[in-house]
Protein chains: 4
Amino acid sequence: MKDVQSQQDTRGVYINKVGVKNLVFPIEIRNREGEWVSTAATISLFVGLNAQQKGTHMSRFVEIISRKHRIDLMEMKTILEEMCEKLEAENSYIQLKFDYFIEKQAPVTGIPSLVNVGVEYSASLEKGDFEFDMRVTTPITTLCPCSKEISDYSAHNQRADVSIQIRRKKFLWIEQLVDIAEASSSSPVYSLLKRPDEKYVTEHAYDNPKFVEDVCREVKLRVDELENVREFCIEVESMESIHNHSAYAMVRG
Amino acid sequence: MKDVQSQQDTRGVYINKVGVKNLVFPIEIRNREGEWVSTAATISLFVGLNAQQKGTHMSRFVEIISRKHRIDLMEMKTILEEMCEKLEAENSYIQLKFDYFIEKQAPVTGIPSLVNVGVEYSASLEKGDFEFDMRVTTPITTLCPCSKEISDYSAHNQRADVSIQIRRKKFLWIEQLVDIAEASSSSPVYSLLKRPDEKYVTEHAYDNPKFVEDVCREVKLRVDELENVREFCIEVESMESIHNHSAYAMVRG
Amino acid sequence: MKDVQSQQDTRGVYINKVGVKNLVFPIEIRNREGEWVSTAATISLFVGLNAQQKGTHMSRFVEIISRKHRIDLMEMKTILEEMCEKLEAENSYIQLKFDYFIEKQAPVTGIPSLVNVGVEYSASLEKGDFEFDMRVTTPITTLCPCSKEISDYSAHNQRADVSIQIRRKKFLWIEQLVDIAEASSSSPVYSLLKRPDEKYVTEHAYDNPKFVEDVCREVKLRVDELENVREFCIEVESMESIHNHSAYAMVRG
Amino acid sequence: MKDVQSQQDTRGVYINKVGVKNLVFPIEIRNREGEWVSTAATISLFVGLNAQQKGTHMSRFVEIISRKHRIDLMEMKTILEEMCEKLEAENSYIQLKFDYFIEKQAPVTGIPSLVNVGVEYSASLEKGDFEFDMRVTTPITTLCPCSKEISDYSAHNQRADVSIQIRRKKFLWIEQLVDIAEASSSSPVYSLLKRPDEKYVTEHAYDNPKFVEDVCREVKLRVDELENVREFCIEVESMESIHNHSAYAMVRG
């Protein structure tokens, strides 16, 4: 059968990324305790396509990823190398998006429960140079310092998402970025809170009022303490309880 | 050209709804002041297809809706009648989903701003019998009565969505259902609040703590006062500020 | 600490469903081969709340589901019974939404790969009466019979989603509903197709042109052959390659 | 009342963007014929916040945008200038996302209908320097050249989205980018096609097979002909009719 994709292309246009997008597959991710945690990931795989070739061979991407299940930093590098080899490409790219599960103890009763955080892994191999970006989106509580200051009692508060994106050669546990987001919040969120816990988080949030600007700045200072961070982007989006829109802040470096 | 759709079908299966789904079109909706408000709607149009006919004629749905722009109750009935006629059907259905805009005055300064509410219109004409369902989803604030009671100060609060779905022969303004949702809330939400307004809504919410159960029940009692309501479904979903999931309550009748 | 939720309510409104919505948890589902397949599910848990009680106890839902991991029909019944007991309710409800993974062999080369299908489980226990609804959404190909008939060559085709919802006391494998959807399609879809496979599915779809009406009717006739089906709703939505909207058909019974 | 936002911040962190996200408002956009087209937009407004100030004043963003309705390039510049002035900021940013409506004639019968395309406007004013990015996402049809070549008859085809993002000082009509996307496709899509039109688009797509790579390259060559383009990113995502995932290609420059 004719291989249309391998035909010569005369238009002279290099394609930065071409491949398969939004495959959904079960995978396992290793947690800080060393255990493999199951989840379902949305996966995209691309290569750069040289200007002389008409098309890439889409089925090869799926062949490569179909044999993988447990995904860590080393495995992503292996996948990128296999893509370069099997697709005869200089550059390859992988993206994974998945819900990851953190076990937390309720702050007073200590009862454990799982909270989902959103994770994106993006890795690239460009002319042999491996780069790894991870982005972790952690739900937190923000309590408005202005509302607290100007009101005779109470203060509006709400759920917010803290997204921390980091480019770094050394590995980082997802849990480390969750810890940073929670330490910078008015309060962490939990799946399971009994009444003594609810009293605690209510008062704790009131004692730690934070604008989205405050959360962003505190996360930034904590990210500065991580070693070998080459680039970062910190975003905080607060689903304001008094509005039908979000408050948003972003710092990048 | 052969008309494949008009061919005889021998499988003996009546199709309850067949047509076009998720057309996006600009429309206008009349507000309580009688003005036409512009928005973009996602529109679906269906007919029932008798068991003897192979297929419906999809392009006719688009021909009918393409000539419409200002949509009210009478216009929906006209569209349903045209569908029955042009598609030789006994039953026809229309659904519209759109953002609708309510002008509100901030509670203290009185400064006006628009808040978007979600609206769904569903109408049907079955053997000449016209039915109209409307569903309005209004953002509000809920403040937790338990958190207020057990904490020495403050209380967790958050944005919640109140969805009120009503089946009724008589017309109802979207604004009437928004009013009911807001009257049953810890506080309405606004797009624009200056500091005196923010102080007001913060304290007002604390003075009116409501579980999702409370909001649901109060909406229900207010819906009971509307005349000619034949069926309803009230849902409240509160994006809990202390959790990464929602609290939810539903009453139907 | 005061138990606000247990207070007397005087408004006289029974709440049909109240509880937690959109928890995201890792779970395992048993496949037709008897193996447990890992995925991430979005879970909602509700009870009916009698008119005399102010509120339900939200944390108990999370306590119950936190101890579960492998979910099958019996386990859902157990969860529903625990909810009725722990929340002192007559009626309880559970909903799970998750991606499920089917291994398929490419039609000519036989190379295996996973395809994700969407699954929703809804179960209820009302005054001791257990009901189970499952809904499986399978991606397929539809090829337009009209386009084939009127064109000198080719025919427009596209991905479509077949959603089969079934209420039934006896258990059914997810795979059985996937098989029905695929048998009723112009062609199944696959994650991995080599060129001989691509030739096969291209020609196979052209040899089996199907309107959304055809797919709906064929699924309906196959569902009729299942035993003990008490209610069903079959929906087909085809993301038309020649339009920016969908063609849609629905049969229920 | 105390102005908490204006307090001194000692953490020394400049915030790149802070403001309101995902306001939904009705707006009007001018089309190529000079008419104002109504739609609903999701709007975000940000400023840069200097390191010495604790917070921005969120309500001022809403005050500024509430007075606007007809949005064109000049109006966006005015909004950015007002933000810098009212929020005492050096840098300001605006983003709008909306559905825009293009009237098209069916290719044979000439019957007109509207097709929605997705549009994003992003503009910034950084130290007085105005930049404008627009991104238009046009639905098209792709027909697979490999499937056509290796099959005895027919070829798989599907809807694809072509996203063209352009940074450019001179204004560009949305319609110009739609024209480029459609000229680079196997076929444009339409909302309304009668049978002679459907025959035409079916055969036309078969006569113009295109991989996502082909569409990307042809769009790139057409974008090269536009004057004053400073940066661009072209993405093509094809919702493959034979898979449950997309084929994707991207070229940037």
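Here we summarise the structure given alongside this text. (Residues numbered from 1 in each chain as written. Chains lettered and ligands numbered in written order. Predicted model: local features only at pLDDT ≥ 70, side-chain atom pairs only at ≥ 80, totals over all residues. Heavy atoms only, no water.)

Thoughts on the interface of chain D and chain A
So, point 1. Between chain D and chain A, the residue contacts involve 49 residues of the former and 49 residues of the latter.
So, point 2. Contact between chain D and chain A buries roughly 4,200 Å² in total, counting both sides, with carbon and sulfur atoms accounting for 58%.
So, point 3. Of all residues in chain D, Arg11(D), Arg217(D) and Tyr248(D) bury the most surface against chain A, accounting for 17% of the area lost on that side.
So, point 4. Across the contact surface, chain D and chain A share 12 salt bridges.
So, point 5. For Asp214(D), the salt bridge identified is with Lys54(A), shortest N-O distance 3.0 Å.
So, point 6. At the junction of chain D and chain A, the tally comes to 30 residue pairs in polar contact (both at pLDDT 80 or more). (Contact = heavy atoms within 4.5 Å. Buried area = accessible area lost by both parts, 1.4 Å probe. Salt bridge = Lys/Arg side-chain N within 4 Å of Asp/Glu carboxyl O. Polar contact = N/O pair within 3.5 Å; in protein donor to acceptor, adjacent residues only side chain to side chain.)

Quick word on the environment of Val136(B)
Residue and element names in this part refer to chain B.
So, point 1. Residue position: Val136 is located in strand S5 (residues 129-143).
So, point 2. On the basis of relative accessible area, Val136 is assigned to the buried category, the value being 1%.
So, point 3. C-alpha separation for the pair Val136 and Val117, spaced 19 residues apart in sequence, amounts to 6.9 Å.
So, point 4. Those residues in contact with Val136 that sit more than four places away from it in its chain are Val117, Gly118, Val119, Val162, Ser163, Ile164, Ile174, Leu177 and Val178. (Helix = DSSP H or I, 4+ residues; strand = E, 2+ residues; numbered from the N terminus. Buried < 20%, exposed > 50% of the residue type's maximum accessible area, 1.4 Å probe, protein only.)

Here's the deal with the relation of the copies chain D and chain A
So, point 1. At an RMSD of 0.0 Å, chain D and chain A line up after a rotation of 180° and a shift of 0.0 Å along the axis. Accordingly, the operation relating the two chain copies is best matched by a two-fold axis. Taking C-alpha positions as reference, the residue of chain D nearest the rotation axis is Cys233(D), located at 10 Å.
So, point 2. When the interface residues of chain D are mapped onto chain A, 100% of them again lie at the interface, so the same face is used by both copies. (Least-squares fit on C-alpha atoms with pLDDT ≥ 70 in both.)

A closer look at the pattern of salt bridges
So, point 1. In this structure the tally under the stated criterion is 100 salt bridges over all chains.
So, point 2. Across the pair Glu237(D) and Lys21(A) runs a salt bridge whose closest N-O atoms are separated by 2.9 Å. Here Glu237(D) is found in strand S8 (residues 229-238), whereas its partner Lys21(A) is found in strand S1 (residues 15-30) on a different chain.
So, point 3. Arg195(A) serves as the salt-bridge partner of Asp3(C), at 4.0 Å between the closest nitrogen and oxygen. A residue pair is termed interchain when its members come from two chains, as with Asp3(C) in the segment before strand S1 (15-30) and Arg195(A) in helix H5 (residues 195-207).
So, point 4. Classification of Asp3(C) as partly exposed rests on a relative accessible area of 22%.
So, point 5. Salt bridges linked by common partners bring Asp9(A), Arg11(A), Lys54(A), Lys210(D), Asp214(D), Arg217(D), Glu218(D) and Arg222(D) together as one network.

Some words on the packing of helix H4 (residues 174-183) of chain D against helix H6 (residues 212-225) of chain D
All names here are of chain D.
So, point 1. The contact between H4 and H6 brings their axes to 8 Å, and the two run at 140°. On the basis of the axis angle, H4 is oblique to H6. In the packing of H4 onto H6, the handedness of the crossing is right-handed. The residues of H6 that touch H4, namely those facing Ile180, Ala181 and Ala183, are Glu218, Val219, Arg222 and Val223.
So, point 2. For the contact of H4 with H6, the per-class residue count stands at five nonpolar, no polar and two charged. (Axes fitted to C-alpha atoms, helices over the stretch in contact; angles between N-to-C directions. Parallel < 35°, antiparallel > 145°, perpendicular 65-115°, else oblique. Left-handed = near helix turned anticlockwise from the far one by under 90°. Nonpolar A, V, L, I, M, F, W, Y, C, P; charged D, E, K, R; others polar.)

Some thoughts on the state of the cysteines
Residue and element names in this part refer to chain A.
So, point 1. Under the criterion given, the structure shown has zero disulfides over all chains.
So, point 2. Residue Cys233 stays outside any disulfide, its sulfur separated by 8.3 Å from that of Cys216, the closest cysteine.
So, point 3. Judged by relative accessible area, Cys233 falls into the buried class, the value being 17%. (Disulfide = S-S within 2.5 Å.)

A closer look at the interface of chain C and chain B
So, point 1. Facing the 49 residues of chain C at the interface are 49 residues of chain B.
So, point 2. Carbon and sulfur atoms make up 58% of the area that chain C and chain B hide from each other, which totals about 4,200 Å².
So, point 3. Counting the surface chain C buries against chain B, the share from its top three residues, Arg11(C), Arg217(C) and Tyr248(C), is 17%.
So, point 4. At the boundary of chain C with chain B, the tally comes to 12 salt bridges.
So, point 5. When the shortest N-O distance is used, the salt bridge between Arg217(C) and Asp9(B) registers 3.4 Å.
So, point 6. Summed over the shared surface of chain C and chain B, the number is 30 residue pairs in polar contact (both at pLDDT 80 or more).
So, point 7. Contributing elements (two or more residues each) for the side of chain C that touches chain B: S1, strand S2 (36-49), helix H1 (58-66), helix H3 (145-150), helix H6 (212-225) and strand S9 (246-252) of chain C.
So, point 8. Of all the elements, S1(C) adds the most residues to the side of chain C that touches chain B, at nine residues.

Notes on the relation of the copies chain C and chain B
So, point 1. Of the two same-sequence chains, chain C is brought onto chain B (RMSD 0.0 Å, axial shift 0.0 Å) by a rotation of 180°.
So, point 2. By residue overlap, the copies meet face to face through one surface: 100% of the interface positions of chain C are interface positions in chain B.

Points about the nonpolar core
So, point 1. Residues Ile174(B) and Ile174(C) are the most contacted members of the largest nonpolar core, which totals 137 residues.
So, point 2. Leave out the neighbours within four places in its chain, and Ile174(C) touches Ile29(C), Phe98(C), Tyr100(C), Val117(C), Val119(C), Tyr121(C), Met134(C) and Val136(C).
So, point 3. With 136 residues, the next largest nonpolar core counts Phe232(A), Val37(D), Val119(D) and Val236(D) among its residues. (Core = buried A, V, L, I, M, F, W, Y, C linked by side-chain atoms within 4.5 Å.)

A look at the pairing of strand S6 (residues 157-168) of chain D
Residue and element names in this part refer to chain D.
So, point 1. Counting buried residues along S6, nine of its 12 residues qualify, which places the element largely inside the surrounding structure.
So, point 2. Bridge count for strand S5 (residues 129-143) against S6 is 11 bridges, and the pairing is antiparallel. Counted as the bridge partner of Val136 is Ile164 from S6.
So, point 3. The pairing of S6 with S8 spans nine bridges and is classified as antiparallel. (Pairing = 2+ DSSP bridges.)

Description of helix H2 (residues 73-86) of chain C
Residues and elements named next belong to chain C.
So, point 1. Here H2 spans 20 Å end to end across 14 residues, near enough to the 20 Å set by a 1.5 Å rise per residue.
So, point 2. Residues of H2 that are buried: Leu73, Met76, Ile79, Leu80, Glu82, Met83 and Cys84.
So, point 3. Looking at the buried positions of H2, the neighbouring elements they touch are S2, H1, strand S3 (91-105), strand S4 (112-126) and strand S5 (129-143).
So, point 4. A positive backbone phi angle near 45° is found at Glu88, which sits one or two residues after H2. (Expected span 1.5 Å × (residues − 1).)

What about the packing of aromatic side chains?
So, point 1. Inspection of the entire model under this criterion finds 20 aromatic pairs over all chains.
So, point 2. Taken together, a centroid distance of 5.1 Å and an interplanar angle of 90° make the contact between Phe171(C) and Trp173(C) edge-to-face.
So, point 3. Where Tyr206(C) meets Tyr153(D), the ring centres are 5.3 Å apart and the plane angle is 45°; that geometry is what we call tilted. In this pair, Tyr206(C) sits in helix H5 (residues 195-207) while Tyr153(D) sits in the loop between helix H3 (145-150) and S6, so the two residues belong to two different chains.
So, point 4. The ring of Tyr93(A) has Lys17(A) lying over it, and the distance from NZ or CZ to the ring centre is 4.9 Å. (Phe/Tyr/Trp six-rings, centres within 6.5 Å; stacked < 30°, edge-to-face > 60°. Lys NZ or Arg CZ within 6 Å of the ring centre and 35° of its normal.)

These figures come from the coordinates and say nothing about function on their own.
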